[in-house]
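# Topology and contacts: notes
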Amino acid sequence: MNRSHYNGTLRLSNQGEAVELIGWVSKKRNFGAMNFIDLRDRTGIVQLVFDESFNAQLKDVRQEYLLHVKGLVEERKDKNPQLPTGEIEIVVKEFEIVNSSKVTPIIIADETDALEDTRMKYRYLDLRRPVMQKNLIMRSKIVQSLREFLDHHDFTEIETPVLGRSTPEGARDFLVPSRVHPGTFYALPQSPQLYKQLLMISGFERYYQFARCFRDEDLRADRQTDFTQLDIETSFLDENQILSMMEDMLKKLMKDVKGIDIPTPFLRMTWNEAMDKYGSDKPDNRFGMELQDFTNLFEHSEFVPFKNTIENKGVIKGIVVEDFAPSNKEIKNLTSDARKYGANGLVVFKYKDGALSGSAVKSLSQEELDALVAASNVQDGGAILMISDAWLKACNALGSLRNDIASLKGLKNKDEFSFLWVVDFPMFEWSETENRWVSQHHPFTMPKREDIPLLDTNPGEVKTNAYDCVLNGYELGGGSLRIYEQDLQDKIFEVLGFTPEQTQEKFGFFIDAFQYGTPPHGGLAFGLDRIAMILAGTDSIRDVIAFPKNASARDPMSEAPNTVDDVQLDELELAICIDDKQRDMLTAIQAGNVPVQLSNGETIQVSLDEIRQWKESQN
RNA sequence: GGUCCAAUGGCGCAAUUGGUUAGCGUACCUCCCUGUCACGGAGGGGGUUGCGGGUUCGAGUCCCGUUUGGACCGCCA
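## Examining the domain arrangement of chain A
Parsing chain A into structural domains produces domain 1 (7-99), domain 2 (110-261 + 528-575), domain 3 (287-411) and domain 4 (577-618). Once you take the C-alpha centre of each, domain 2 and domain 3 turn out to be 40 Å apart.

## Some details on the pattern of salt bridges
Overall, the coordinates contain 33 salt bridges when judged by the stated rule. The shortest N-O distance in the salt bridge between D41 and R3 comes to 3.9 Å. Here R3 lies in the segment before β1 (18-31) and D41 lies in strand β2 (residues 34-41), a separation of 38 residues in the sequence. Look at D41 and you get buried, because its relative accessible area is 7%. A salt bridge links D284 to R286, with the nearest nitrogen and oxygen atoms 2.7 Å apart. R286 carries the same exposure label as D284, and that label is buried. Residues participating in the shared-partner salt-bridge network are R119, R123, D126, R129 and D543.

## Some points on helix α13 (residues 486-495)
Restricting attention to buried positions, one finds in α13 the residues L488, Q489, K491, I492, F493 and V495. In this fold, the buried residues of α13 make contact with β18 (428-431), β19 (436-439), α12 (454-457) and α14 (500-513). Phi turns positive, to about 85°, at G497, one or two residues after α13.

## As for the nonpolar core
Counting 64 residues, the largest nonpolar core has I142, I232, F419 and F526 as the members making the most contacts within it. Broken down by element, the residue count for this core peaks at nine residues, all from helix α6 (residues 239-258). Sequence-distant contacts of F526, defined by excluding residues within four places in its chain, comprise T228, Q229, L230, I232, M246, M249, L250, C469, L476, G477 and I531. Core analysis: the second largest hydrophobic core is formed by 32 residues, M275, L385, L398 and V422 among them.

## Remarks on the packing of aromatic side chains
What the rule picks out here adds up to 21 aromatic pairs. Here F266 and F419 contribute two aromatic rings whose centre-to-centre distance is 5.0 Å and whose plane-to-plane angle is 25°, an arrangement assigned as stacked. With F266 in the loop between α6 and β11 (267-270) and F419 in strand β17 (residues 419-423), the pair connects residues that are 153 residues apart, well separated along the chain. Pair check on accessibility: F266 and F419 agree, each one buried. Feature note: the residues F444, F493, F498, F507, F510 and F514 constitute an aromatic cluster, connected by ring pairs.

## Details of the protein's contact with RNA strand B
Around RNA strand B there are 43 residues in total, and K27, N30, D78, E217 and R223 lie nearest to it. In this structure, Q47 approaches RNA strand B through a side-chain N or O atom, which is 2.8 Å from a base oxygen. Between RNA strand B and E475, the relevant distance is 3.1 Å, taken from a sugar or linking oxygen to a side-chain nitrogen or oxygen of the residue. Tallied by class, residues from the surface near RNA strand B come to twelve nonpolar, ten polar and 21 charged.

## Focus on the environment of N80
Here N80 shows up in the loop between β4 (66-75) and β5 (88-99). Assessed through its relative accessible area of 26%, N80 is described here as partly exposed. Note: C-alpha distance between N80 and L411 (331 residues apart in sequence) is 34 Å. Separated by 2.9 Å, the side chain of N80 and the backbone nitrogen of Q82 make a polar contact.

Procedures and definitions
- Residues numbered from 1 in each chain as written.
- Chains lettered and ligands numbered in written order.
- Predicted model: local features only at pLDDT ≥ 70, side-chain atom pairs only at ≥ 80, totals over all residues.
- Heavy atoms only, no water.
- Domains from an automatic or database assignment.
- Salt bridge = Lys/Arg side-chain N within 4 Å of Asp/Glu carboxyl O.
- Helix = DSSP H or I, 4+ residues; strand = E, 2+ residues; numbered from the N terminus.
- Buried < 20%, exposed > 50% of the residue type's maximum accessible area, 1.4 Å probe, protein only.
- Contact = heavy atoms within 4.5 Å.
- Core = buried A, V, L, I, M, F, W, Y, C linked by side-chain atoms within 4.5 Å.
- Phe/Tyr/Trp six-rings, centres within 6.5 Å; stacked < 30°, edge-to-face > 60°.
- Near = heavy atom within 4 Å.
- Polar contact = N/O pair within 3.5 Å; in protein donor to acceptor, adjacent residues only side chain to side chain.
- Nonpolar A, V, L, I, M, F, W, Y, C, P; charged D, E, K, R; others polar.

In structure tokens form, the structure reads like this:
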């Protein structure tokens with residue numbers, strides 16, 4: 001099929017040209033003797049005009065029919081400034097229907113009214129919408145720009161396996177049963193972390209990969225089970241060199257894709273600062289409302305929540321919201337949000353005509369109230385939201401409220417791009433559930449040289465050469481320098497509470513590799529989907545992924561995940577245990593040689609014959 | 001694992017809070033119209049309200065269960 005031009009590219013300069021076009025009928029407008037059709041391809045829309053000789057043929061043409069058209073480009077009588085092609089139209093000489101279309105279940109236009117679930121079900125039609133095409137084309141440009149930069153900086157693109165070994169720590173693995181070795185499993189990579197470090201040991205020096213990664217955790221609007229990371233690792237560069245190279249890469253990206261010059265170097269703030277000032281390790285600094293510390297104002301307060309907090313060495317922090325007078329109901333909602341975010345409660349003051357009001361006013365002295373007004377610098381018509389709790393809890397909860405209120409008040413400007421680095425992350429965090437220190441990043445993260453003595457005395461205070469790249473309150477990516485000395489690595493495992501045997505069991509091949517001249521190295525990974533999401537100006541990661549999963553990890557179109565044939569299960573020597581009743585039956589069969597994972601996580605041994613018998617007994 | 005919200009023609013919503021034949025927009029079909037571009041005008045077809053049970057003279061509306069979807073917390077970098 002011949003085509004001379006793409007529809008969206010035609011301009012007044014093409015006037016008089018004979019063109020041959022292909023496209024879908026986006027809209028048909030009929031005027032008795034006269035007909036217009038908006039013909040759409042991936043580049044845009046152009047208007048076709050037909051005289052009355054086509055009336056009979058056009059009767060058969062409906063929305064989303066695919067047409068092949070020959071005609072002449074002419075200047076329009078009435079131009080449409082809304083369309084890039086609005087100055088011209090195609091006077092059709094002849095056309096054919098290439099293919100017909102059923103009536104589509106959703107309207108194929110940017111302003112479709114279909115809900116996301118319906119769009120997912122007919123994703124192939126949803127992706128015909130110009131805005132979706134624009135998003136995916138932009139995503140492709142992003143990849144192109146990043147690849148260009150890395151290729152020009154002597155990086156080698158290397159693929160690592162999708163079927164790998166399950167590693168403990170971090171997110172839950174997706175498991176793939178091995179047919180060749182029944183009872184064993186591959187794991188899909190959460191990231192190519194170990195492989196990329198091994199590639200440094202191999203001497204590649206600079207590696208990158210657009211890597212599909214998998215995490216079997218619950219989804220969110222900005223989180224998918226399988227997603228794409230730009231994975232990067234380098235040897236011999238220090239933290240500063242890595243960050244500034246990445247800044248150059250992102251600067252080029254913003255220029256290539258958005259045509260925007262962003263200033264470098266990016267703002268750098270320590271994790272402590274970010275938590276203290278923004279209550280988040282991925283601060284959005286496009287707006288103010290920074291967290292303030294009011295602890296010293298209330299050291300002798302009689303107000304019970306404050307008094308308790310002071311006694312427990314906690315902090316009293318707050319944010320000031322301008323032009324904010326929440327109703328009692330809104331205050332109630334804010335308070336329950338604060339509880340949701342882990343705080344004990346929320347104290348709200350409204351400031352109007354030189355006086356604070358709010359339920360806590362009567363419990364505080366006039367001196368304390370005056371001091372609060374002065375210290376917070378609250379303006380008339382504003383409000384102060386305060387939380388008293390342990391430092392991290394108070395910061396986290398206030399940071400989340402700060403975010404919510406900014407969204408509510410429309411303070412997040414989608415056209416502003418604020419990049420920054422959060423650095424010096426803590427090495428460990430205390431796990432209440434496991435009652436031990438766990439890695440905040442991963443156990444190969446390099447602790448700050450000066451903090452190494454603290455590993456013995458106060459692990460919670462050890463900071464690392466780990467860094468996160470943050471854009472508009474989203475974590476774009478993160479990474480670290482890695483440990484390359486055996487002694488230090490052993491020490492970290494010791495703090496994490498692993499015995500040498502456990503370490504060998506969990507990370508054996510990886511630890512062994514480190515004994516062969518490992519170079520100092522470090523790297524990071526960027527979430528490609530999130531980058532695309534923010535640059536496309538959407539709130540949902542699903543708008544920049546061609547075929548995403550919904551919030552419950554399903555694909556409404558293909559209906560994955562699905563059940564499989566018994567034959568397939570038999571080949572894998574797997575059986576499915578649905579509920580307690582069936583589990584009891586299996587247990588009753590007793591003994592055997594096939595491990596069966598029960599729905600409660602417990603594993604029992606059963607023979608295949610026994611399972612077959614049990615299945616028959618079920619029928 | 002938890003909390004909250006929703007489910008009504010193809011699609012998106014409404015139904016005066018338990019009361020006549022479930023309504024609107026859009027899409028669809030037919031006809032009219034030579035400059036529209038969210039074209040306009042006239043007419044038409046299409047739903048028994050996710051599923052199961054209950055309360056009631058009467059249920060889209062109330063209750064219980066269930067399924068599906070969404071937001072968030074936990075989880076996840």
